[in-house]
Each structure stands twice: as C-alpha cells, then as structure tokens.
Amino acid sequence: MAGRRKGPFKGWTMVGVGLTCYGFGVSPGYYSWGFFAPEVMADIGLTREQVGQIFGAFTLTFAVAGPTAAWSIQRWGLRATVTAGALVAALLVTLLVAGLQWQAASKLEVQVASLETELAESQLEVRAHEARMSEVRGAVSGLAQRVEHLQTLVRRPLPKGP
C-alpha cells in the first residue's frame, strides 16, 4: 500500500480550524452589522439607505468571491490564488487609505480656507478700528489745541482801561 499515509487523518482538524478562522474573521462583521449600524450611522452620518448599500456590497462581494476563488484554485492552484488575493486586498486597502487621506486633506483645506477668511475679516475689523481710533485721536488733538488756545487767552493780562 504505497498510497496510504502514516498517522491519523488531519482533514477534520483543518475543517475545525477553517470554521474557527471564519468565525473570528468574517462572521463578526457580517452578523453584527445590524447591531452596530445605528452607531455607525450616528458616528459618520450615514442614512439607512447607505447602510443597506454597504451591507449589500459586502454580501455581493462575498457571493462573487466564493465561486471565483474556487475556480481560481482549480485553474492556477491554491498558492497562486491566495497570493493574488492578498495582493488585490493590499491594493484595495492602499486605495482606501489614500482615499481617506485625500478626504482628510480636503477637509483640512476647507478648514484652513475658513480660518484664512476669518483672519482676513479680523484684519479688516482691526483696520476699521484703527481708522476710527485715528479719527478720535485727531479730534482729541484738535480739542487739545483749542484748549491750549483758550488757556493762552485766559492767561493774558487784561488791557488797562481808560
């Protein structure tokens, strides 16, 4: 019996390990979506429709990925399929992160533009205040000159009469 293996059959152990990995990997995201959806909606401002679209895209992706993975494994083998899947996942995560960074950068640009506008408005207010203060200083200076003139008139000796 050349084809017989030595030792116990490990296939059922692999089924258990696979189910455990599935249970800790995909199941929490899939089965707890309804539980976490209200918090996600409140945190990032999604509507119920958008939450449904996200869940539908998630479900559709797994529905398409399963048969595609099986076909790829039959056609090219397990190692090539897992490698290609990991590369595609890495590319998609990279694009997701780049998109989130772009979104954060554009929000930051909006905030900077808003602050620049507020700064420009504040500078205009300061200039207007300085102009008003300059007018007040001019008026006070003119008043002081008139007071000095009046003081010189009051200090003059009165002319002696006839």
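Residues numbered from 1 in each chain as written. Predicted model: local features only at pLDDT ≥ 70, side-chain atom pairs only at ≥ 80, totals over all residues. Heavy atoms only, no water.

1. Things to note about the packing of aromatic side chains
- Enumeration according to the criterion identifies three aromatic pairs in this entry.
- When the centroid spacing of 5.0 Å and the interplanar angle of 75° are considered together, the rings of Phe-35 and Phe-36 count as edge-to-face.
- Assessed through its relative accessible area of 62%, Phe-35 is described here as exposed.
- Where Trp-71 meets Trp-76, the ring centres are 5.2 Å apart and the plane angle is 85°; that geometry is what we call edge-to-face.
- For Trp-71, a relative accessible area of 47% gives the class partly exposed. (Phe/Tyr/Trp six-rings, centres within 6.5 Å; stacked < 30°, edge-to-face > 60°. Buried < 20%, exposed > 50% of the residue type's maximum accessible area, 1.4 Å probe, protein only.)

2. Comments concerning the confidence of the model for the protein chain
- Residue-level pLDDT values for the protein chain average 84, and 96% of them are 70 or greater.
- Confidence, expressed as mean pLDDT per element, reaches its minimum in the protein chain at helix α2 (residues 27-31) with 76 and its maximum at helix α4 (residues 48-76) with 89. (pLDDT = per-residue confidence, 0-100. Helix = DSSP H or I, 4+ residues; strand = E, 2+ residues; numbered from the N terminus.)

3. With respect to the packing of α4 against helix α5 (residues 78-155)
- Look at α4 against α5: their axes get within 7 Å of each other, and the N-to-C directions meet at 135°. Relative to α5, the element α4 is oriented oblique. Within the contact between the two elements, α4 uses Ala-69, Ser-72, Ile-73 and Trp-76 and α5 uses Leu-78, Ala-80 and Thr-81.
- By residue class, the composition of the contact of α4 with α5 is five nonpolar, two polar and no charged. (Axes fitted to C-alpha atoms, helices over the stretch in contact; angles between N-to-C directions. Parallel < 35°, antiparallel > 145°, perpendicular 65-115°, else oblique. Contact = heavy atoms within 4.5 Å. Nonpolar A, V, L, I, M, F, W, Y, C, P; charged D, E, K, R; others polar.)

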